[in-house]
Every structure is written in structure tokens, then in C-alpha cells.
2 protein chains.
Amino acid sequence: MAKYVYLFKEGNATMKNLLGGKGANLAEMTSLGMPVPQGFTVTTEACNDYYAKKKVVSQEIVDQIHDALAATEKIAGKKFGDPKNPFLVSVRSGARASMPGMMDTILNLGLNDVSVKGLAALTDNPRFAYDSYRRFIQMFADVVMDIEKANFEHLLEEMKKARGVELDTELNANDLIELVGQFLVKYEELKGEAFPQDPKVQLIEAVTAVFRSWDNPRANTYRRMNHIPYEWGTAVSVQSMVFGNMGEDSGTGVAFTRNPSDGTKELYGEYLFNAQGEDVVAGIRTPKPISELESDNPKLYNEFNEIARKLEAHYRDMQDMEFTIERGKLYMLQTRNGKRTAQAALKIAIDLVEEGVLTEQEAVLKVEPAQLDSLLHPQFNPAALKEAKVIATGLNASPGAATGRVVFTADRAREMKALDGLPVVLVRQETSPEDIEGMIVSSGILTSRGGMTSHAAVVARGMGRCCVAGVGAVHVDEKNKEFEVNGEIYKEGDWISLDGSTGKVYGQKVETQDATVSGDFGKLMAWADKFRALDVRANADNPRDAKVAYNYGAQGIGLCRTEHMFFEADRISAVREMIVAKNVEERTKALAKLLPMQREDFIGLYKEMKGYAVTIRYLDPPLHEFVPTEKDDIVALAKDMGLTYEVLQKTIDELHETNPMLGHRGVRLSVTYPEIAKMQTQAVIEAAIAVNKEGMSVVPEIMIPLVGELKELQYVKAVVVETADRIIKEAGVDLKYYVGTMIEIPRAALMADEIAKDAEFFSFGTNDLTQMTFGFSRDDAGKFLADYYTKKIFASDPFAHIDQLGVGKLMKMAVELGRQTRPDIKLGICGEHGGDPISVEFCHNIGLSYVSCSPFRVPIARLAAAHANIKNPRK
Amino acid sequence: MAKYVYLFKEGNATMKNLLGGKGANLAEMTSLGMPVPQGFTVTTEACNDYYAKKKVVSQEIVDQIHDALAATEKIAGKKFGDPKNPFLVSVRSGARASMPGMMDTILNLGLNDVSVKGLAALTDNPRFAYDSYRRFIQMFADVVMDIEKANFEHLLEEMKKARGVELDTELNANDLIELVGQFLVKYEELKGEAFPQDPKVQLIEAVTAVFRSWDNPRANTYRRMNHIPYEWGTAVSVQSMVFGNMGEDSGTGVAFTRNPSDGTKELYGEYLFNAQGEDVVAGIRTPKPISELESDNPKLYNEFNEIARKLEAHYRDMQDMEFTIERGKLYMLQTRNGKRTAQAALKIAIDLVEEGVLTEQEAVLKVEPAQLDSLLHPQFNPAALKEAKVIATGLNASPGAATGRVVFTADRAREMKALDGLPVVLVRQETSPEDIEGMIVSSGILTSRGGMTSHAAVVARGMGRCCVAGVGAVHVDEKNKEFEVNGEIYKEGDWISLDGSTGKVYGQKVETQDATVSGDFGKLMAWADKFRALDVRANADNPRDAKVAYNYGAQGIGLCRTEHMFFEADRISAVREMIVAKNVEERTKALAKLLPMQREDFIGLYKEMKGYAVTIRYLDPPLHEFVPTEKDDIVALAKDMGLTYEVLQKTIDELHETNPMLGHRGVRLSVTYPEIAKMQTQAVIEAAIAVNKEGMSVVPEIMIPLVGELKELQYVKAVVVETADRIIKEAGVDLKYYVGTMIEIPRAALMADEIAKDAEFFSFGTNDLTQMTFGFSRDDAGKFLADYYTKKIFASDPFAHIDQLGVGKLMKMAVELGRQTRPDIKLGICGEHGGDPISVEFCHNIGLSYVSCSPFRVPIARLAAAHANIKNPRK
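Residues numbered from 1 in each chain as written. Chains lettered and ligands numbered in written order. Predicted model: local features only at pLDDT ≥ 70, side-chain atom pairs only at ≥ 80, totals over all residues. Heavy atoms only, no water.

As for the overall build of chain A
Broken down by element type, chain A carries 36 helices and 33 strands. In summary, chain A has a C-alpha radius of gyration of 32 Å against a globular reference of 29 Å for 875 residues, a match within 12%. Over its C-alpha atoms, taken along the principal directions, chain A stretches across nearly 100 × 60 × 50 Å. Burial status across chain A gives 59% buried among its 875 residues. Counting contacts in chain A only where the partners sit at least 6 residues apart, residues at least 24 apart contribute 69% of the total. By element, 50% of the accessible surface of chain A is carried by carbon and sulfur atoms, the whole surface being about 34,000 Å². Between the averaged position of the 103 positive side-chain charges in chain A and that of its 123 negative side-chain charges there is a distance of 3 Å. (Helix = DSSP H or I, 4+ residues; strand = E, 2+ residues; numbered from the N terminus. Rg over C-alpha atoms; globule rule 2.2 N^0.38 Å. Buried < 20%, exposed > 50% of the residue type's maximum accessible area, 1.4 Å probe, protein only. Contact = heavy atoms within 4.5 Å. Areas by Shrake-Rupley, 256 points an atom, 1.4 Å probe, with all protein chains shown as cover. Lys, Arg positive; Asp, Glu negative; His and termini not counted. Charge placed at Lys NZ, Arg CZ, Asp CG, Glu CD.)

Here we look at the environment of B:E231
Among the secondary structure elements, B:E231 is positioned in the loop between α9 (217-225) and β7 (234-240). For the pair B:E231 and B:C47, spaced 184 residues apart in sequence, the C-alpha to C-alpha distance is 9.6 Å. If near-sequence neighbours (up to four positions away) are discounted, B:E231 is found in contact with A:K711 and B:N48.

Description of the packing of helix α13 (residues 342-354) of chain B against helix α20 (residues 519-531) of chain B
Residue and element names in this part refer to chain B. Between α13 and α20, the shortest axis-to-axis distance is 9 Å and the interhelical angle comes to 65°. By the angle between their directions, the pair α13 and α20 is classed as roughly perpendicular. The interaxial crossing formed by α13 with α20 has left-handed handedness. Two secondary-structure elements touch here, α13 through L346, K347, A349, I350, V353 and E354 and α20 through D520, F521, K523, L524 and W527. (Axes fitted to C-alpha atoms, helices over the stretch in contact; angles between N-to-C directions. Parallel < 35°, antiparallel > 145°, perpendicular 65-115°, else oblique. Left-handed = near helix turned anticlockwise from the far one by under 90°.)

Points about the interface of chain B and chain A
If you look at the interface, chain B gives 50 residues, while chain A gives 50 residues. When the area that chain B buries against chain A is broken down by residue, the three leading residues are B:L662, B:R747 and B:I793, summing to 13%. The tally of links between chain B and chain A comes to 4 salt bridges. Here A:K711 makes a salt bridge to B:E231, at a shortest N to O gap of 3.3 Å. Here chain B and chain A share 30 residue pairs in polar contact (both at pLDDT 80 or more) between them. For the side of chain B that touches chain A, the secondary structure elements donating two or more residues are α26 (645-655), α27 (667-672), α29 (710-731), α30 (746-750), α32 (766-774), α33 (782-790) and α34 (807-821) of chain B. For the side of chain B that touches chain A, the per-class residue count stands at 23 nonpolar, 10 polar and 17 charged. (Buried area = accessible area lost by both parts, 1.4 Å probe. Salt bridge = Lys/Arg side-chain N within 4 Å of Asp/Glu carboxyl O. Polar contact = N/O pair within 3.5 Å; in protein donor to acceptor, adjacent residues only side chain to side chain. Nonpolar A, V, L, I, M, F, W, Y, C, P; charged D, E, K, R; others polar.)

Things to note about the sheet that holds strand β12 (residues 329-337) of chain B
Residues and elements named next belong to chain B. Pairing is antiparallel across the open sheet formed by 5 strands, whose spatial order is β10-β9-β8-β11-β12. If you trace the sheet from one side to the other, it starts and ends with β10 (288-289) and β12, each paired once. Together, β8 (251-256), β11 (319-326) and β12 form the strand contacts of helix α12 (residues 298-315), whose direction differs from that of β12 by roughly 25°. (Pairing = 2+ DSSP bridges.)

Describing the pairing of β7(B)
Residue and element names in this part refer to chain B. Counting buried positions over the 7 residues of β7 gives 7, a clear majority of the element. Residues T234, V236, V238 and S240 of β7 are buried on one face, and the alternating residues A235, S237 and Q239, pointing to the opposite face, are buried as well. Pairing geometry for strand β2 (residues 39-42) and β7, over 4 bridges, is antiparallel. Considered in β7, the bridge of T41 is made with S237. Across 7 bridges, strand β5 (residues 89-95) lies against β7 in antiparallel orientation. What sits directly across from G94, in β7, is A235.

Thoughts on the pattern of salt bridges
All names here are of chain A. Tallied over the entire structure, the rule returns 123 salt bridges over all chains. D168 serves as the salt-bridge partner of R134, at 3.8 Å between the closest nitrogen and oxygen. Taken as a pair, R134 in helix α5 (residues 126-143) and D168 in the loop between α6 (150-163) and α7 (173-191) lie far apart in primary sequence, 34 residues in all. In this structure R134 comes out as buried when scored by relative accessible area, which is 6%. Looking at D168, the relative accessible area reads 25%, which means it is partly exposed. The salt bridge partner of E694 is K607, with a shortest N-O separation of 3.6 Å. Of this pair, E694 sits in the loop between α28 (674-693) and β29 (700-704) while K607 sits in helix α24 (residues 584-609), placing them 87 residues apart in sequence.

With respect to the sheet that holds β7(B)
Residue and element names in this part refer to chain B. Sheet architecture is open: 5 strands sit in the order β1-β2-β7-β5-β6, paired in antiparallel fashion. The outermost strands of the open sheet, each flanked by one partner alone, are β1 (5-7) and β6 (105-109). When the angles between neighbouring strand axes are averaged without regard to direction, this sheet yields 20°. Examined bridge by bridge, β5 and β6 share 3 bridges and lie antiparallel to one another. Its bridge partner lying in β6, V91 is registered against I106.

Describing the environment of A:P700
All names here are of chain A. Tracing the backbone through its elements, the reader meets P700 in strand β29. Taking the relative accessible area as the measure of exposure, P700 reaches 0% and is therefore buried. Linking P700 and A533, residues 167 residues apart in sequence, is a C-alpha distance of 23 Å. Apart from the residues lying within four places of it in its own chain, the contact partners of P700 are Y606, V614, V684, A688, L735, K736, Y737 and Y738.

Thoughts on the nonpolar core
A:F602, A:Y606, A:I704, B:F602, B:Y606 and B:I704 are the most contacted members of the largest nonpolar core, which has 296 residues in total. When sequence neighbours within four positions are dropped, the list of residues in contact with A:F602 reads A:C560, A:T562, A:M565, A:I616, A:Q680, A:A683, A:V684 and A:A687. (Core = buried A, V, L, I, M, F, W, Y, C linked by side-chain atoms within 4.5 Å.)

A short note on the confidence of the model for chain A
Of all residues in chain A, 99% attain a pLDDT of 70 or more, and the chain-wide mean is 92. Across the predicted assembly, pTM comes out at 0.88 and ipTM at 0.87. (pLDDT = per-residue confidence, 0-100.)

Concerning the packing of helix α28 (residues 674-693) of chain B against α29(B)
Residues and elements named next belong to chain B. At a minimum axis separation of 9 Å, α28 and α29 run at an interaxial angle of 35°. Considering the relative orientation of α28 and α29, their crossing is right-handed. Across the interface between the two elements, P674, A677, K678, T681, Q682, I685, E686 and I689 from α28 touch Y715, V716, V719, V720, T723, A724, I727, I728 and A731 from α29. Looking at the contact of α28 with α29 residue by residue, the classes come out as 12 nonpolar, 3 polar and 2 charged.

Brief notes about the side chain of B:H664
All names here are of chain B. Relative to the helices and strands, H664 resides in the loop between α26 and α27. Looking at H664, the relative accessible area reads 9%, which means it is buried. Among the polar contacts listed, one links the side chain of H664 to the backbone oxygen of R668, at a separation of 3.4 Å. Only 2.8 Å separates the side chain of H664 from the side chain of T672, close enough to count as a polar contact.

Regarding the relation of the copies chain B and chain A
Screw-axis analysis of chain B against chain A gives a translation of 0.0 Å along the axis, an RMSD of 0.2 Å, and a rotation angle of 180°. Accordingly, the operation relating the two chain copies is best matched by a two-fold axis. Closest approach to the rotation axis within chain B is made by the C-alpha atom of B:N659, at a distance of 2.2 Å. The residues that chain B uses at the interface reappear at the interface of chain A in 98% of cases, marking a shared surface. (Least-squares fit on C-alpha atoms with pLDDT ≥ 70 in both.)

A short note on the packing of aromatic side chains
Residue and element names in this part refer to chain A. Tallying each qualifying case throughout the model produces 56 aromatic pairs over all chains. Of the aromatic side chains, those joined through ring pairs into one cluster are Y50, Y51, F211, W214 and Y230. If you follow K736 out to its NZ or CZ, it ends over the ring of Y738, 4.8 Å from the centre. (Phe/Tyr/Trp six-rings, centres within 6.5 Å; stacked < 30°, edge-to-face > 60°. Lys NZ or Arg CZ within 6 Å of the ring centre and 35° of its normal.)

With respect to the pairing of strand β8 (residues 251-256) of chain A
Residue and element names in this part refer to chain A. With 5 of 6 residues buried, β8 lies mostly within the body of the structure. In this structure, β8 lies alongside strand β9 (residues 268-273), joined through 6 bridges in antiparallel fashion. Residue F256 lies in a different strand from β9, and its bridge partner there is Y268. Across 6 bridges, the pairing between β8 and strand β11 (residues 319-326) is antiparallel. When the sheet's bridge partners are listed, A255 is paired in β11 with M321.

Examining the side chain of A:R532
Residue and element names in this part refer to chain A. By the element assignment, R532 lies in the loop between α20 (519-531) and β26 (535-539). A distance of 2.9 Å separates the side chain of R532 from the side chain of Q555, its partner in a polar contact. R532 has contacts with Q555, R862, A865, A866 and N869, leaving out every residue within four places of it along the chain.

Laid out in C-alpha cells, this is it:
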């Protein structure tokens, strides 16, 4: 028979999976001899059993709860429902990972019409007893029976009005007795049955309610954001009640062993005498800083301080603790590793090493890679943010905070920014490559369509610009220069603010503060670099981004998207000439115009990367992305190009594709137009020769995208090698270069042994690989993925975290097959996943050589790579 | 050292891969003691070596050729270039598979200014000698040196004009000596060097030219059409010349051992005295039927007849032979299994069994599955076809021949057909489901866009209608009711004709003849059914197609695309109501209107299939396929539906997808709108209950499309099972049904072990699986696939034949993983590949249970399945 319930004294800190964080730590504190109100924990397995049995708590579990209850009553020397010495408990959720506020809590359970009298007599405090009872009724009704709290609050308000008082505390015991009576009537009226008087019934109902709250929408969303599997389930801790509101010798508080904002080594927190936790949260009374406890009650302070010190030493990490003082006696209700800001995380980790508590490796593991984001991007001023109103929420596509005036076109963004230097926020349905200059001058970008790998998201991350994408509630009307959101209209020039880290949109100006990087950052990153096995490169398309990447520690460029260079104003017309060219000669002529510019681009990149590898991907997108779609623009372009509108429109029509993602792009372009690959090769090689003459030693890596078949690669590689070798020979120099491919078509992964015959490196393009493996278009999936989350089909967005089971299986196959053919093949990843810590860990585990990500994610990837190698060291 | 050259007497018929068909059969006839002019064969490996060495014939091979030449000279008792007794040879290509006329041939090689005199003296026939020499010069110049034949033909014409004669034969020896002189001068003038006088040089050049011709565009196209791998290479046979033009005791001819048109057992062919093969082909003189040889020269006839009889018995198949008579002596130049019509193939196979020559299994193998097509569809009258002009060529999307008047809309097709009953051909850019009724009344369909699996192609194959798709040269102007092709305009009402088996379009009326199926067909198919292991089902969406399928021997329906039912005029409005519904209630109301119609559809299908399994796929396409795209139509629809244009347009805009192939479709629709799956389940189950009450025993198979993740399937399966079980229980009956899934997303194949936990069957949707594995959109790939063929990246269209290496690897994984979880899982295929013989063989080999294809391809699949199992019997 499975054991579903553990007394606190039966458990310990290692049993987190079974007892949840809260339950395990209560057990651990018990075993450390600390003053913990005793109780028991119903395990996560019981929760899973509840869901497996279609939301029924089995009799077996009920029996075990009752046994544990009896044992706890014995320890407490009290009895459930006892009219003289009643036993009361709290019922709290506790998952493996902390999910603060996501699930429900019930306090004072065990009160009924009889035991309330016992409590009143025992404490000699009827006011306290009835106040506890009315709180319990309200909480039970709300949490267990799904009855709106407002029903009861209304009665409380009426009572206060009748008594002519303002504060709850001004009501006396008789008032509260009357109120309890009203609550019980209201409960029965709404529920159709009387409030349960049997504490055991109350308890099982409460445990069930906590199990049920594991599946509430709030918890589900939190889990998805934090990658907590639904399958983990929650445990439920049932703990003897202690009361901080039994008079001025009682109290309650929370404290951290170090300052969670900046990491300073100090006891940090607050407390309140004669109060329960709720009162602190409600904000009616102002709690005192914990330091004042020292003068208020030095003995208690020292006792608590001693416990705090012990807990930090025991857990070897900063602790976040809750305590209650009941009639002068200190009780510990909870301890856990404390949440902290990135800045604090760095300082605490480094201090703990200096204090001899942690090794450098352990310190590195104490800092969450994703946290670093907040150090690298502007953030809102927290005080200012409190006042701000969220008007919509989208995808947190690129982190950081932005505030500025709404503009709807890239041109207008430039104009308005130039006019007065005040920030602007670019709002569009979706961005296209033509918007890039507008994006550069904007503080943030909001799009109403598009996902985590949409154009706006990818480009914004690349330039470290804040972006909230796919805000479905925002309806953009570009013509009238306004957008509508839930009935409100925002016009050009109105202020809005974006939080790219949470996806929230605020309908007003919110003060921001700049990113700051301290010395601690450099120190910890240096440790991380010591411990990682993966190289970290950056995706950068121009010298500006390359410079950022280099400064953030990138060890090369893993992806230079050459097409991004094609959109710049001085070359787009040559690109378009190339596209409308009717034959090889015309096309070659147009390409010749692009050659010197591409060569300069590459020279710039090589120079910024100071000899590190630069991987250059050849032209990838379908050609129609380079031509306008609106008739007016086509007419204008035709005139520019000396063509008739009809001829140009026909060319554009011919470029139309039903599914451009699966169309004429990538290597397919080079197969049709080998002259493009020829020009790009010439630029890559001539640029390398030029900078190497200045003393560098660049080894370019030429990357052919979208290969699915060896012969495709061979065809284009022959063009590349012929061109490169001729130029190298003519220049009379020695230049090494590599030709490789992206693995982004499922077939390429399946045939990787074949493809490795000619590919000198692989780089996983996990954006496309995810699209094709799932059969999802990243541009369209937003529509139905929401249903996939609410219906628990997907736990997370496969474009945000590599799908390790499916896409990952293909990646593992490709790694294995590729190495069979070419044991020393260089393996990297340049999809958006390259900057996602979970995905970086996966890449480490399957044996890649490097990850490549947006410049601003380079530190995150470095730290994630260190975590991965510390957890699972590479031989 | 590899052996690259074999004397005829060193080889035999089993060495086809090395010696090519021609070389192997010449060797075999030699070993049978038949009169074969001796020679040798340069192997296919030598050809591959030539290409591997970048088009150079290695010295090693040259040496081996010279050795074989010396041995052959010895046998012939003649010497190359001998002024008295010169040795002459023919040089012919010969691949493993017959590729008639695709590569080049050179006759009379060995002639030069000296040996021509020897030939003249030896034969006492200078006219013959110089005529042979001038033909050789012309052929050598053309084939080896790429000099236009016209240059020499012009000189010949001038000479005839000067001599005042009409026929070549009217020129005398002196004329020809003069002409040879002119030819040699012309050759030198055009080539810049003298005609090679050294026969050994001529020989190596000629062999090289034959190798080279393996790679000519004609040969490449032929190979792709006939699935002959480029890697096979061609052999080259060098054979002593014999002359059928040495006088009236000489001659040449071709004959079959049975009539290749109808299969009658008779010596069938024709011959010509005093002629070379060329003369027969040129058509200047009319050859005589072979039967006349019996009276002309009974001894020769008997000798030949005896050889023919022996060869057929030896090869156990109808033979196609070439022979030459030189001065009364019979020489065999070639034998091979003869090409034949489908009708003849059936008769010959059955007759050979009755004659005791073949077993039934062997007879089944003698009929090519693809050939059956011509029996099942109308064909052009061959005589009428000779006169017809090809105006364009497209994809041979659905076989058969059609002639009719051009129409551009489905409505017009119906009107014109109704008016006078004369046939119409529907011409469109692409068809959409709204065109179906027009397609039904049309004799053929031409589209200017779209591939082998476009809507037009799939639907036309389903209804057995002729279709030529993706005719890029045709520019359709629907507004003006005309199309333009290479500058010519065809208007509504003009006659055109389509050959759906070749993809040819004719600009006029061409007489067709109906399909005819003889008793032989039934007999052979019955044998085929005995020997196959795979079941054959059909893809059918309505009772009409199901009936055809049943009559062609389908053992069930493997794919009923329910959405095709949604387009019929009486239900499209309910479908549209469902789409614009703003909530579940409205949607459910619209679905309720569809329910009775779907139920009737399924009742009809079940009845036609008489108890065989019927697999019903739930709604698959993106919803926007059901709404109009043109503003006028939207305005009209909005009016119909009582909506404003703006509201409807907005709904339609919201349905827009960037890549609909990867969008909101398949199981994703059922996840978002489970009420659709509910309605479809109700229809499927209620229909089954209804027909089973009438004494049938239908077991419906419910197929969820586009699944990529187990939980997706589980979610929808729960809806299906809940609905089905409730209805079954309410009806108080017993009804078994299955719920399975398509495997068409790469991830589904990768995770097949997981998915098989809930899928009771798999059906491979190889259209989508091919699209996603390759990252090709079938609608767009036409644009670049042509380059892939000419650049030899792809040997064939992966949408026509399963890509066994890539897509096939995923299929094999899925079969293996699926069986791990569920050993008895039923496995089928319902993609377009199910009717392709090569793909059927693959499906057999990987262990599928059945293939499902268009009704008209069912016989082909049955025969292909028999071939597969005879070649590789399933245990």
C-alpha cells in the first residue's frame, strides 16, 4: 500500500518531489529541532492519484489523512472539534517548485459552532475566536465551495456601517458573533446546505480544494511561464494553527537572510505585532522593519536571528522565512530559498564563495541564466509601474521596458524621434524588413500579430530592443493612425509603455531606468566560462550587432543572415533589379552592383569579431519578400526601374506562393540562380583576403540553408568552391574556408550521414526544423496554440523551448549520423532556441560544439552552458 | 584491374547490368549459336568511370577496347582500315533498360579514304561503298562532333538538284565520290581539322560520344519518366557491320514473335530487301509484312522463324528482333522482350500460361501495373492523333484522353454541356472545391498552375477524369474567357484535346475511343489477387466514387475526405454559418444542420462498400477554404447570411494564414472546435447503426488527421468516444468502431510509439508527410523542381513516388515504433502514392496492411501489390 501522507517528523529536505518544497522544508526544520507547529503533508502522488481517479480523493488517502490527523492531535494535545481545547489547522499547497499565490490556502480549519466557543474560552478572547471563525467561513466558502467572497464582505461592510465604524478591528465580540450568524445563513442560502460542522469533513474538502487549485487557470499559466510540468502535482501541508493575533505578545512576519534586492548580508524583512499574515498583506497596518524587533524584543530577535543563520548555513543559500509569535513563543511556518533580483543573485553567489560556503561551481548554479536579462535591458521604475494600467498582454518577445509615443510607420518613427528626441514605440500589425530603420530608432515594438519567432521578435531580440508581439486585443488602423484596444482608442503621439519581459502593455508613460552591469557580473561570467563546454556565438547581421556580441563574450558569429543586408536603402534597388532580371546576364549585372556592398559588410563583420569564426548564411528568404505588395508602391517602383506597371506586377504575381515557408527559398534559390551564390562567395572570400592582409586570420564558414538532399548541397558547393578557389589562387594567398549547411529540414536530419559527406559543419536551424517537424507555421500557430495550452496538449511553446522528444530526436539522429560520416564535424545551433537556457542544456547534452543566439542573450547562453556542463560534465 | 570490355562470346543474358540489355542479349544469342555478327561490349561501369573522371575515357579502357578490337578482327578475318578487306563496325548504346532512340548510334565506322576503296573493290560495288562512307561522315560529324546534319543534307540536296534527280538512290557512284569529297571539305571547314582517318581514333571518339549521349536532355527526361537511375550508365556495343544494302539478296527487318498490338500468336513485323535500317525508318520505301518473306525466300523465312521460336522459348517472353540479310546470309542484330499494348500484355501473359511456358505468378509479373491505366480510360484514336498539333505540355496529372470545347468556369461547363451534349474541357488557373460539379461534367481539366497533388489532379484522378495540370505556358484570362499559349489565343468554345497520360495539350479536336476491359483483364487480376499480401482500398468521398472503387475490386475505403461533402450546394451555407459563428452555441446550431446530410453521406458510402471497412477522416482543410475571396462574392454572401460586409470581411481576414498548409487545420480544428468532431462522430455512428439494422455489419474507422502529439489525439478521441458510446448505448445496439490517426506530420512518425497508445490504426498521409519532410509546398514546388531535374538533384518527383530514403525512413520508424506499442496495429497509406506501383512495392516491403488510392487506380495497385509479394513474399 502506497504511503500518501507523511508526518513532518517523518520527512526531510530531500523529499521535495514527494512533499513539495513547503512540506519538505517543514520536515527538515522539524528534524533540525526548530520550533515548527507540527502537522503532516499529503503527497504530490496523492494529488496525481486524485486526477487519475477523475478528481476523487480515494478512501485510502482519506484514511491515511485521518491517521496522520490523530497523530498530530496527539502531539498537539488538542482534538478536532473539541469544545474545550479545539485543534485548528491551516491547509496549504506546496509544489516541488515555489508557485507563490497560485494556489489556495485555508486557515483556522476545525472551527465550528461548538469549537469556536472552546477557542473563545481557552484564549479568553471571544472577539478573536469569532473573528477567526468568520474568516474561516468566508475562506472555506470561497476556496472550497466557489462562493464569491463579495457576498460575505458585503455583510461585513453593512455591519460596520450599522455600527458606525470604519475598521474591522473596531467591531466587538458581539458584533462578530452576529456576523458569524449572518455568514452561516448566507452560506446555506447560496450553497443549499448548511456549513459543514464536522472538522474532518472540512479537512477532506479543503485538501480536495487544494488539489483542485493545481488545475486553476492562474496556476496553469504560471507553470507554463516557468516550465513546471503539470505532472508534478502539488502536495498539501496540514499544520497546527498558531496565532499571531492573540494580543501584543503575538505577532507575525517574513524575513530574508540577505537583502533580496541588492544581496547585502543583513536580516531583511518585516513584522507586525498582534496580526495574522493576512493583515500584513492587506496593507491596512504598516509592518515594521525586522531590525526593530531587536529593540522591541531582543530575546525573540536573537532566537529568530539564530534560526535564520542556521537555516542559511544549512541550506547554503539565502532563505525566505515566515514566522509567527504566539504569546511570546516563536514558531517557524516556512523556509525556502529566497527569490532575488539578478543583481542580488550575483552578489549573494559571489559573497557565499568568499565566505567559504559555496564553491565557484555551486555559485554559478545559484544564478538563473534567464535572470540576467534584466541586467542587460532597461527596466521600469518599480514605483512608477505600480500606478500603471495594463491595457493588453501579448507575447514577451524581446525583454526590457520601453516607454514612448505611439507611431504606426517606420518613417514616422524616424521623423518624430528626430523632431524632439523623445522616445517612440512602433505599433504595427506585423513588421517587415522594410521597418528595420524604424525599429532601430524606436524604444519598443508592439505587433498585433506574429509569434515568438516572427520578424519583429527576431529582429528586436537581435538589436536588444524591447518587443511585445502578437497582442491580439490590439486592432491597428494604420490609415487613421490609431489603434483600438477593448474599446479605447490610442492615436499617434499618445504614450504607451511595453514590458518585453512579461508581454504587458501599459496605456501611459511609465518611467524606465537603464540597464546596469556591475563588477559581480563579470566575475560570475568568468567563472561560468571556466566551467562550460559549449562555445557561445551570436547571430549578427551587421558590424553594429557584432560589436555588441563581441562585448558580451560571443566567440564568433554563428549566423549572419545576408538578406538583412539586402534591405538597406542603398541596395534594395539592386536586389530588385536582380529579381526582375529576365536572364542570367541581367541578373549577373545586378549582382555586380551588390558585390562591393556585401564585401564591405563582411569586412566589417570580420573586423568586429577579431579573428573569431564568422558563419555566413547565403540568401534564404523567398524573393517576394523583397518586392512591395501595395499597388501604389508597385507603380512607384516600376517607374523607378523603367518598367511598366503591368510587367512588374506580373513578375511579382509570379513570385507569389501559397506557402512561402515551404517555397522557393534557401538552397533552392542557389540551385535556380547559382550566380547569387557566386556573388556571395566572391564577397565572402575577397573580404577575408582583405582583412587577412591586415594581419587577421579569418576562416569564413559558408553556410547553405534549407538543404534536404546531398546533391543539392553538392551542386551549390561546387559553385562556391570553384569561385572561392579561383579567387584565392588569383590573389596568390592561402585561405582556409569551410562549406557547411543548416539542418532545418526534417529530411536533412534523417539523411545527415549522406549530407555530412559534403557538409563540413552542421548548424541546426531549429526554427524551421520545429515548423516542419510539427507542421506548424510560426506565423499562424498563435491562433490555435492558446487552445493547446488551456487544453494541456502542450506544456510550452515549441518555438521558445526545443521540443526535446520530437525535434530533439531528429537532432540527436543528425548528430549521430553526421559523426558517423565525419567524426570531427562541427555542430552548432543558430535557431532562436540558442539563447534559451533549457534548450542550451539540451544542446550541451546531445554534444553540440556551440550555440548561437541574439547578442543580448550571449551572457545567458554562457551561463546556461556552464550550468549544463556542471550538471552533466562533458568527457 | 577491372574488366571494362567483354567480347560477345564472354557474356550472357544475366549480365544485363554490366553489358546493358543489347550487349547481354547479343552475348546470349552468340552462346546459343545464333548467327550474330561478332563484336564486344564496353561496360556500364566504363561509362560511370567516364563521368567519374569528369568525362574522360581512361587509358585503361582505351587499351581494353583495342584488345577486344584485335580479337574481333581476328574472328572476322578483317582488319580496321585494311585497304583490301576493311573491318567496319557499328557503335550502339545499350542501357540496362531499353531506352529506344534516346541515345546515339554510329554505323559504318572504320571507313576512311583508303578503306572505302577496299570496300568498293571487295563488294564490287563502289556506289554502295561511297554511299556508306558519306553516311558515316555525316553521322560521325553529327553525333561525335556536334555538327548540324543540315550542313551535309544541304550538299546532298544541291547534288541531286544538279543531277536533276529526286531520290538518293538515283545518284551514281561518281556522284557519291564527289559528294564524299564535298563532305570532307565541309567537315574540315566547320570543325577546323580534317576528318579523322584513323579508325581507332574514330572508334574511341564514337564510344565517348555514346557515353556522352547518356547525359543528353532527351535521355534524362526519358529516364525520369521511366524511373531509370542516372547511376546505371549505358554500355556500348561495338559490332561487325553487316550490310542489308548489298543488293537484292540482302535486306533488313524487324519482327515480333507475337502481335504487339493485340497479342495474337503470329510472327509480326516487316522487312525490306536491299536496304539498311535507316531506309526502313525514313519511310521512303514501304516495307513488306514479314509473312511475305515466306514466299519471297522460304529458306530464310524458316531459318528466321526457327530462331524467333527459339528466342521466345529461351527468354519465355515475346521477342522484338532486328535482323539483316547480307548476300543471302541471315544475321541477328538484336533481340529483346518486346514492348506491347496493355491489351496485348494481358493476352500474351495468359496465353503463355496456357501454353505451359509461364506459371501464373510469372504471367502476373509480365504485365506492368502502370500499363493498366490505358485500359481504364478513354484513349485517342492513334490515326487521328498523328495529325494533331501539340500546343503545350504539362503534368500528366490524371490519365486518359479528352477532347472538348474550352470553358473557363464550372457553371459555364454545365451550361454548355447541357445545351448540346457536346463535350467540354474545363480550363482554369487552379481548381477549387467549388469547381467540382463543373469537373464532373467536363471530359478533361487543364490547369495552368498546381502539381501532381493539386486539387485538380487529386479530384480528377478520383473521378477518373483526364487532367493535365500545371501547364505553365498557358495563360488563362478568365475575365475575357480566353487563354493564350505561345502567342495564340483560344476562346471559349474552341476545341482542344488533352492527353492526361502524357501531359500533352492539342489545339484542336482529336477523336477519342472509349476504354474497353476484356475478359483477360479479369483473369489476370484474379491471379494477382491470389498472390498479393497487401489489401487495396480506395479513396472515395461519395457513393458515386465508392461504387466505382468497389467494382474495380477495392476492399474498403481508406480515405473519405469529409470536407468534400461540405462543398455541395445544399450544405455550403451551413458550413459557412458554422465558420462565422461567434460562439459554441451558434456553431452547434449550424452543425446541427449539417448532421443529417453527413449521416446520409455515410449511409450511402457504407451501402456501396457492402460491409467493407470505411475510414472516415474528420474535417481537415483550413476553414478559409470554405469562404469566398473576391469582394463581390463576399458582399453577396454577407447579404445571404444577414451580416454586414465589414463583419464578414473581418471574419475572413482573421482566417487568413501565411502558410495555410502549416496552419489551423486537421486535428487542430477539432481541438479548437470539439463540437465539429462531435457532430461528425454522431453522423458516423448513427449511419452505421442505421445500415447495420438493415443487416450489414459496418465497423467504421474514424481517422483524426494531422496529429503530431499523443495528447492532441487523446483530446479529440475523448470527444469521439464519449459521443459514440453515448449514442450506441442510447440505441441499445452493439457497434464496434476504431479511432486512429494519419501519420503525416514528421513528429507523428518520430513519436509513433507514443501515438500508438491511443491510435488503433495508422494511415500514412504521404502527401503532407512528403511536404513537411522535404519542406516543400506541393503548390509551389513546381517552380523550382524543373531545375532540380535538369541539375540532376532529383531523379523523380517525390509527390509521384515515395522518397524511400527520407520520407521512407520516417515511415519505417513509424511502423516499427507503432508495432512496439501495439503489435496488431493496422497500417495503411492513403496518400496519392497509394496508387503508384513503385510506392506500393515499398509499402509492401515495409509491412503495411493496405494501400488506398483513387478508384481508377485500384487495379493498378492490386497488380503492383501482387508484383511486390511475388518478388519479396511476405512471411
